[in-house]
Amino acid sequence: SQQGEEDPQALSIQEGENATMNCSYKTSINNLQWYRQNSGRGLVHLILIRSNEREKHSGRLRVTLDTSKKSSSLLITASRAADTASYFCATEGQGGSEKLVFGKGTKLTVNP
Amino acid sequence: SQTIHQWPATLVQPVGSPLSLECTVEGTSNPNLYWYRQAAGRGLQLLFYSVGIGQISSEVPQNLSASRPQDRQFILSSKKLLLSDSGFYLCAWSVRGFDNFEFRQPQHFGDGTRLSIL
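These notes cover the structure that comes with them. Each chain carries its own residue numbering, running from 1 in the written order of its sequence. Both sets of labels track the order of writing: A upward for chains, 1 upward for ligands. Predicted model: local features are reported for residues with pLDDT of at least 70 only, side-chain atom pairs are reported and counted for 80 or more only, and whole-chain, interface and lining totals are derived from all residues. Computation of side-chain values covers all heavy atoms of the structure but excludes hydrogens and water.

### Some details on the environment of A:Gly93
Residues and elements named next belong to chain A. Our working definition: In this description a helix means any DSSP run of H or I spanning at least four residues, a strand means any run of E spanning at least two, and both kinds are numbered starting from the N terminus. A simple rule labels every residue: compare its accessible area, found with a 1.4 Å probe on the protein chains alone, to the largest value its type can have, and call it buried under 20%, exposed over 50%, or partly exposed in between.
Take Gly93: it is sitting in strand 9 (residues 85-93). Taking the relative accessible area as the measure of exposure, Gly93 reaches 22% and is therefore partly exposed. Residues Gly93 and Ile49 lie 44 residues apart in sequence; the distance between their C-alpha atoms is 13 Å.

Okay, structure coming up:
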């Protein structure tokens, strides 16, 4: 069953604007990860945030995690046309299974 | 540096035919290995994962099987393909985890195989 659910399913913005994607999950986690997928390609890891962390930054990316609400958000600032892709959150449950459960993704389109 | 190779990139097969997709990882030892399937416009469904040679865990009952004959080789197979097996198949690897989950590492994906069943 799907653990993470991204919101919105699709997002269209202009270059230079910020893009925010949200992810909700159902059970306790060890960590939450965000991945990016260009059309027809494999996934690329963006950020891993652990359950004891609240915020993490990487370049133009900012991820927050609220374990009390079982939710996370991915913010892309000053978006570029090259950011056009699908973005997925994935959760690793507690118990050390080393398996990830992926959401259905948010399709981001950045218009030049 | 570590690399992951998947082939073929695309495959068109008739219903009832066999399947063999191969994935190899270079530059690391004793990785965790994963097979996922992605339906069009959907998220990833974990099919199999392996923490060592000959150790395969199946996540979804289906007519697919997986094998790990060597440390860095992961093979997805089927004896008879169904129409519902169409999809985008992705292989991934990760560094074997430690008991301390704070050291968990992300997964790294291949470029996938687009499988069409006719």
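### A word on unusual backbone geometry
Geometrically, the link from A:Asp7 to A:Pro8 is a cis peptide bond, its omega value of 0° lying close to zero. In this structure, the amide linkage connecting B:Trp7 to the following residue, B:Pro8, adopts the cis form with an omega of 0°. Tracing the chain through its elements places B:Pro8 in the loop between strand 1 (3-7) and strand 2 (10-13). The backbone of A:Lys70 sits at a positive phi, close to 50°, despite the residue not being glycine. Here A:Lys70 lies in the loop between strand 7 (61-66) and strand 8 (71-76). Judged by its relative accessible area of 26%, A:Lys70 falls in the partly exposed class. The backbone phi angle of B:Asn30 is positive, close to 55°, even though this residue is not glycine. Mapped onto the secondary structure, B:Asn30 falls in the loop between strand 3 (19-26) and strand 4 (32-38). When its relative accessible area of 36% is taken as the criterion, B:Asn30 is described as partly exposed.

### Side note on the pairing of strand 3 of chain B
Residue and element names in this part refer to chain B. The following threshold applies: When DSSP locates at least two bridges between a pair of strands, those strands are taken to pair.
With five bridges joining them, strand 1 and strand 3 adopt antiparallel strand pairing. Bridge pairing in strand 3 links Thr3 to Glu26. With six bridges connecting them, strand 3 and strand 8 (residues 73-78) associate as antiparallel partners. Looking at strand 8, one finds that Cys23 is bridged to Phe74.

### Examining the pattern of salt bridges
Residue and element names in this part refer to chain A. Selection rule: Only one rule defines a salt bridge in this text: a Lys or Arg side-chain nitrogen within 4 Å of an Asp or Glu carboxyl oxygen.
Under the definition given, this model contains eight salt bridges over all chains. A salt bridge links Lys56 to Glu53; its shortest N-O distance comes to 3.8 Å. A salt bridge links Arg62 to Glu55; the shortest N-O distance between them is 3.1 Å. Look at Arg62 and you get partly exposed, because its relative accessible area is 30%. With a relative accessible area of 40%, Glu55 lands in the partly exposed category. The network of salt bridges with shared partners includes Arg36, Arg60 and Asp83.

### Some details on the interface of chain A and chain B
Applied cut-off: Throughout, a residue-residue contact means that at least one pair of heavy atoms, one from each residue, lies within 4.5 Å. The quantity reported as buried area is the accessible area (1.4 Å probe) lost by two parts once they are put together, taken as the sum for both. In the scheme used here, Gly and all other residues not listed as nonpolar or charged are polar, with Ala, Val, Leu, Ile, Met, Phe, Trp, Tyr, Cys and Pro taken as nonpolar and Asp, Glu, Lys and Arg as charged.
Across the boundary between the two partners, chain A contributes 25 residues, which contact 27 residues of chain B. Here chain A and chain B share an interface that buries about 2000 Å² over both sides, 48% of which is from carbon and sulfur atoms. Viewed at the interface, chain B and chain A are joined by two salt bridges. If you list the elements that add at least two residues to the side of chain A that touches chain B, you get strand 4 (29-37), strand 5 (43-50) and strand 9 of chain A. For the side of chain A that touches chain B, the element with the most residues is strand 4 of chain A, which contributes five residues. Of the residues that constitute the side of chain A that touches chain B, the class distribution is six nonpolar, 13 polar and six charged.

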